[in-house]
Structures are given as C-alpha cells and as structure tokens.
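# Topology and contacts: notes
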Amino acid sequence: MEQIPEDLKGLLGKPELQLGIGDLSHVTGVSQSQLRYWESKKYIQSIKTSESKNRKYSLKILGEVCLIKDYLDEGFTLPAAVKKS
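Criteria and cut-off values
- Residues numbered from 1 in each chain as written.
- Predicted model: local features only at pLDDT ≥ 70, side-chain atom pairs only at ≥ 80, totals over all residues.
- Heavy atoms only, no water.
- Helix = DSSP H or I, 4+ residues; strand = E, 2+ residues; numbered from the N terminus.
- Contact = heavy atoms within 4.5 Å.
- Areas by Shrake-Rupley, 256 points an atom, 1.4 Å probe, with all protein chains shown as cover.
- Buried < 20%, exposed > 50% of the residue type's maximum accessible area, 1.4 Å probe, protein only.
- Polar contact = N/O pair within 3.5 Å; in protein donor to acceptor, adjacent residues only side chain to side chain.
- Expected span 1.5 Å × (residues − 1).
- Core = buried A, V, L, I, M, F, W, Y, C linked by side-chain atoms within 4.5 Å.

### Considerations on the overall build of the protein
Scanning the protein for helices and strands turns up five helices and two strands. In sequence order, the protein lays out its α and β elements as α-β-α-α-β-α-α. Taking all contacts inside the protein whose residues are at least 6 apart in sequence as the whole, residues at least 24 apart take part in 51%. As displayed, the protein has an accessible area near 6,100 Å², and 52% of this comes from carbon and sulfur atoms.

Here you go:
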C-alpha cells in the first residue's frame, strides 16, 4: 500500500475540509443518487452543518466511498463492500 505523503497527513483530520455531494460524486464516479441512498442506509454519513442544508462530506468519507466503489467494481454486493471497507 502506498504511503500518505507527510504534507497530506495533517489534512485528513481537518474538519474544515469538506466536499459537497457534487464534488464527491465527481471525484469518486459514484452518482449523487447512489450517495444519497448509501447515506439513507447509514453506510456513509454527511457532516451536519447548521448554516446549510447541503450535504457535506469529510475526506474520511471520500476514502470510504472510494473503497466501497472499488469493492463494488470487483463484484461484491453493497453490504459486503461496506463491511470490507
């Protein structure tokens, strides 16, 4: 597995770095409707913000979505992909 560069390690836990659902969809290749479905099933969780009703996602969720998508592409079912990620 590839190591995370030192300059990026500190960014992963920063709560202020957030992606909107459109950005998350674009980066991962997972449709917005799929992301909403995954959230409704509690497979992923958006960040609750008081100033906006728009969904925001952390970098940790970005990584989880990428893993889930990779497992789905390998042929796993959604529940199995979530469990493996």
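Moving on from the model shown.
### Focus: unusual backbone geometry
At Lys42, a residue that is not glycine, the phi angle is positive and equals roughly 70°. In this fold, Lys42 is placed in the loop between helix 3 (32–40) and strand 2 (56–58). The exposed category is assigned to Lys42, whose relative accessible area is 70%.

### Points about the side chain of Ser46
Note on placement: Ser46 falls in the loop between helix 3 and strand 2. By relative accessible area, Ser46 is classed as buried at 8%. At 2.6 Å, the side chain of Ser46 forms a polar contact with the side chain of Glu39. Not counting residues up to four positions away in its chain, the partners in contact with Ser46 are Glu39, Arg55, Lys56 and Tyr57.

### Overview of helix 4 (residues 59–73)
For helix 4, built from 15 residues, the straight-helix expectation of 21 Å at 1.5 Å per residue is met to within 8% by its first-to-last C-alpha distance of 21 Å. Three or more residues of helix 4 are buried, namely Ile61, Leu62, Val65, Ile68 and Tyr71. Buried-residue contacts for helix 4 involve strand 1 (18–20), helix 2 (21–28), helix 3, strand 2 and helix 5 (78–84). Trailing helix 4 by a residue or two, Gly75 shows a phi angle of about 110°, which is positive.

### As for the nonpolar core
Among the nonpolar cores identified, the biggest contains 16 residues, and Leu24, Leu35, Trp38, Ile44, Val65 and Ile68 are the most heavily contacted of them. At the level of elements, helix 2, helix 3, helix 4 and helix 5 are the ones that each hand at least two residues to this core. Residue contributions to this core peak at five residues, all from helix 4. Contact partners of Val65, with chain neighbours within four places excluded, come to Leu24, Thr28, Val30, Leu35, Trp38 and Ile44.

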